[in-house]
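# Analysis of the macromolecular model
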Amino acid sequence: MSKRVLTTESGAPVADNQNSASAGVGDPLLLQDQHLLEKLARFNRERIPERVVHARGSGAYGHFEVTDDVTGFTHADFLNRVGKRTEVFLRFSTVADSLGGADAVRDPRGFAVKFYTEEGNYDLVGNNTPVFFIKDPIKFPDFIHSQKRDPFTGRQEPDNVWDFWAHSPEATHQVTWLMGDRGIPASYRHMNGYGSHTYQWTNAEGEAFFVKYHFKTNQGIRSLSSEQAAELVGQDPNSHQTDLLQAIERGVHPSWTLYVQLMPAAEAADYRFNPFDLTKVWSHRDYPLQRVGRLVLDRNPDNVFAEVEQAAFAPNNFVPGIGPSPDKMLQGRLFAYADAHRYRLGVNHTLLAVNAPKATTARNYGRDGLMAVNSQGRYAKNYEPNSYDGPVETGRPLSAPLAVTGHTGTHEAPLHTKDDDFVQAGELYRLMSEEERQRLVANIAGGLSQVSRDDVIEKNLAHFHAADPEYGKRVEEAVRALRED
């Protein structure tokens, strides 16, 4: 059987792929060697800019299957009957580190799911924690700058990390999560995923519900201590990628059960704290978990660079029956994520295989631009409305409208009767066993004791005291002991 002919990118056959063209034997190379120049130029451009956040990631394909009837709460097509399956792509990631960082580090994990539904792609972008450090997107660039490498030292600085948290009391709840036992998952398979934000579901009758997503791992929660993680990082910086890849390759398919909390929209205004505050969780007593379905990962990508790194998730990719809420952080991300992809991947990134719809076809008037492959022929128009049978609007909103009132301006979030930055952090602390509390205190003190400014330390200690007196006292004593050593 004859082998296929190697060609240049323009399709011309390559005569020699082992030796560059030169002026003579042992002489300088020739600029006219188009094959050499093309290979080197493409090599220089093989890797796109890494994500500013969530740069280091792993991913896999699979499916989501509905196990319980939720049609009373949403008319989303992919959730419309028990047994229905939808193809998915899930990307896991660390938040703060660069693409060259290690997997087993203390950091939140991204948990982003792309559902390839028959009504378009639905992107659910979340983390392995149900809360986050801040509640307003205007603080997000500052927060990320404080957690990433310092412009002068080129490394993550405890002074920056804890100084930002000292001035952001709303971060206390997430800091308690991060410094607790679940701060370093043993693998991506052994952690939960959360939508984190509050979203909206709308049923066929137009009734609106606010919703929070919980993906519970069916492998069980497993985490690493700081000491175990440090050892693992030295052995295999790619530990989580290795685990996910090998598990799927040997037929051990990780799965998660999806549950939701549902709040009738009318109850949001009078809930005891702001239900759209990303630094807080809803009580399971008030809004119990309701099972929806099962997510299974069963196929590894063929090319990490083309699929995992070029996968683009944007929370503004909704489908009929699902929409946004007044969650400020979600509102900011509706713009920021899609804009990041247009910068990194280009305006036509939705045409890439991992991002393109699979169960339907995208039909719109967006074309041209860098890497355009959707000219649609000479007779297709690039404007609407038109008289040439182009795609038209449906007139059916994706979700129920959100009520707005008042005057424009830069407003703080409305206060509910029990809004507080520390109550839930204290509740989380009191749920922990004594051994978990010891590890939490040691993890916090290990970082906070490295801060050079006494006032920054005192501001952070005040947050832990406000969450729970015992919590604050133990952290304060641990920090003092480490600083006196």
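Look up a bit, the structure's there.
Right, let's walk through the structure included here. (Residues numbered from 1 in each chain as written. Predicted model: local features only at pLDDT ≥ 70, side-chain atom pairs only at ≥ 80, totals over all residues. Heavy atoms only, no water.)

Glancing now at the overall build of the protein. Across its full length, the protein carries 11 helices and 10 strands. In summary, the protein has a C-alpha radius of gyration of 25 Å against a globular reference of 23 Å for 485 residues, a match within 12%. When the backbone C-alpha atoms are referred to their principal axes, the protein occupies close to 80 × 65 × 50 Å. In the protein, buried positions account for 47% of the 485 residues. Here the analysis covers contacts within the protein between residues at least 6 apart in sequence; of these, 74% occur between residues at least 24 apart. Of the roughly 25200 Å² of accessible surface on the protein, a fraction of 53% belongs to carbon and sulfur atoms. Here the protein holds 52 positive side-chain charges and 64 negative ones, and the gap between their average locations is 4 Å. (Helix = DSSP H or I, 4+ residues; strand = E, 2+ residues; numbered from the N terminus. Rg over C-alpha atoms; globule rule 2.2 N^0.38 Å. Buried < 20%, exposed > 50% of the residue type's maximum accessible area, 1.4 Å probe, protein only. Contact = heavy atoms within 4.5 Å. Areas by Shrake-Rupley, 256 points an atom, 1.4 Å probe, with all protein chains shown as cover. Lys, Arg positive; Asp, Glu negative; His and termini not counted. Charge placed at Lys NZ, Arg CZ, Asp CG, Glu CD.)

Residue position: A403 is located in the loop between α7 (328-345) and α8 (423-431). A residue is classified by how much of its surface remains accessible, and A403, at 81% relative accessible area, is exposed. Taking the C-alpha atoms as reference points, A403 and A356, 47 residues apart in sequence, are found 33 Å from one another.

Membership of the largest hydrophobic core comes to 39 residues, with the highest contact counts inside it found for F133, W162 and W165. Elements that contribute at least two residues to this core include exactly α2 (140-147), α3 (158-166), α4 (172-179), α8, α9 (434-448), α10 (454-467) and α11 (469-484). What W162 contacts, discounting residues up to four positions off in sequence, is V175, M179, I444, G447, L448, V451, V456, N460 and F464. Core analysis: the next-biggest nonpolar cluster, separate from the first, contains 37 residues, V70, Y199, V260 and V319 among them. (Core = buried A, V, L, I, M, F, W, Y, C linked by side-chain atoms within 4.5 Å.)

Attention now moves to the layout of surface pockets. The volume enclosed by the largest pocket comes to roughly 1600 Å³. Contributing to the lining of the largest pocket are 48 residues, with G120, T361, A362, R363 and N364 lying nearest its centre. Going through the elements one at a time, β4 (120-127) and α7 are the ones with two or more residues in the lining of the largest pocket. For the lining of the largest pocket, the residue count by class is 19 nonpolar, 19 polar and 10 charged. By volume, the second largest pocket amounts to about 1300 Å³. Lining the second largest pocket are 36 residues, with F276, P326, K328, A413 and P414 positioned closest to its centre. When contributions to the lining of the second largest pocket are tallied by element, the ones reaching two or more residues are β7 (208-217) and α7. (1 Å grid on protein atoms, 1.4 Å probe; cavity = no way out; pocket = protein on both sides within 12 Å on 5 of 7 lines; lining within 4 Å. Points joined across faces, edges and corners; volume = space filled by probe spheres on them. Nonpolar A, V, L, I, M, F, W, Y, C, P; charged D, E, K, R; others polar.)

This part is about the packing of α9 against α11. Put simply, α9 and α11 touch, their axes get as near as 9 Å, and they point 50° apart. One way to sum up the angle between α9 and α11 is to call them oblique. Here α9 and α11 pass one another in a crossing that is right-handed. From α9, E434, R437, Q438, L440, V441, I444, A445, G446 and L448 reach across to α11, where they touch E470, Y471, R474, V475, A478, V479 and L482. Taken together, the residues of the contact of α9 with α11 break down into 10 nonpolar, 2 polar and 4 charged. (Axes fitted to C-alpha atoms, helices over the stretch in contact; angles between N-to-C directions. Parallel < 35°, antiparallel > 145°, perpendicular 65-115°, else oblique. Left-handed = near helix turned anticlockwise from the far one by under 90°.)

What follows covers the packing of aromatic side chains. Throughout the structure, instances matching the rule amount to 30 aromatic pairs. Where F132 meets F133, the ring centres are 5.4 Å apart and the plane angle is 75°; that geometry is what we call edge-to-face. For the ring pair F143 and F164, a centre distance of 5.7 Å and an interplane angle of 50° mean the geometry is tilted. Taken together, the residues span a long stretch of sequence, with F143 in helix α2 and F164 in helix α3 at a distance of 21 residues. The same class applies to F143 as to F164, namely buried. Three or more aromatic residues joined by ring pairs form one cluster here, namely F64, F78, F115, Y122, Y199, W201, Y213 and F318. The ring of Y61 has R299 lying over it, and the distance from NZ or CZ to the ring centre is 4.1 Å. Seen from the ring of Y116, K358 lies directly overhead, with NZ or CZ sitting 4.9 Å from the centre. (Phe/Tyr/Trp six-rings, centres within 6.5 Å; stacked < 30°, edge-to-face > 60°. Lys NZ or Arg CZ within 6 Å of the ring centre and 35° of its normal.)

Now for α10. Counted at 1.5 Å a residue, the expected span for α10 with its 14 residues is 20 Å, and the 20 Å between its end C-alpha atoms agrees. Listing the buried residues of α10 in full gives V456, I457, N460, L461, H463, F464 and A467. The buried residues of α10 occupy one face: seen down the axis, they fall within an arc of 150°. Tucked inside the fold, the buried residues of α10 contact α3, α4, α8, α9 and α11. (Expected span 1.5 Å × (residues − 1). Arc of directions from axis to C-beta.)

The next subject is the pattern of salt bridges. Taken as a whole, this structure holds 28 salt bridges when the rule is applied. Of the charged contacts in the structure, one is a salt bridge between E87 and R299, with a shortest N-O distance of 3.6 Å. Placement of the pair is E87 in strand β2 (residues 85-94) and R299 in strand β9 (residues 290-299), with a sequence separation of 212 residues. Among the ionic pairs, D286 bridges to R272, the shortest N-O distance being 2.5 Å. Separated by 14 residues along the polypeptide, D286 in the loop between β8 (255-264) and β9 and R272 in the loop between β8 and β9 bring together distant segments of the chain. With relative accessibility at 32%, the residue D286 sits in the partly exposed group. A cluster of three or more residues bridged by salt bridges with shared partners is formed by K135, D277, K280 and D421. (Salt bridge = Lys/Arg side-chain N within 4 Å of Asp/Glu carboxyl O.)

To continue, consider the pairing of strand β3 (residues 109-117). Across the 9 residues of β3, 9 count as buried, placing the element largely inside the fold. Of the two faces of β3, the one holding R109, F111, V113, F115 and T117 and the one holding G110, A112, K114 and Y116 are both buried throughout. Summarising the sheet, β2 and β3 pair through 7 bridges and their orientation is antiparallel. Following the sheet pairing, L90 is matched in β3 by V113. (Pairing = 2+ DSSP bridges.)

We now examine the environment of F73. Looking at the element boundaries, F73 is found in the loop between β1 (57-66) and β2. Distance in space between the C-alpha atoms of F73 and V211 is 9.6 Å, their sequence separation being 138 residues. In this view, F73 contacts W201, T202, N203, F209, L262 and Q290; residues no more than four positions away in its chain are not counted.

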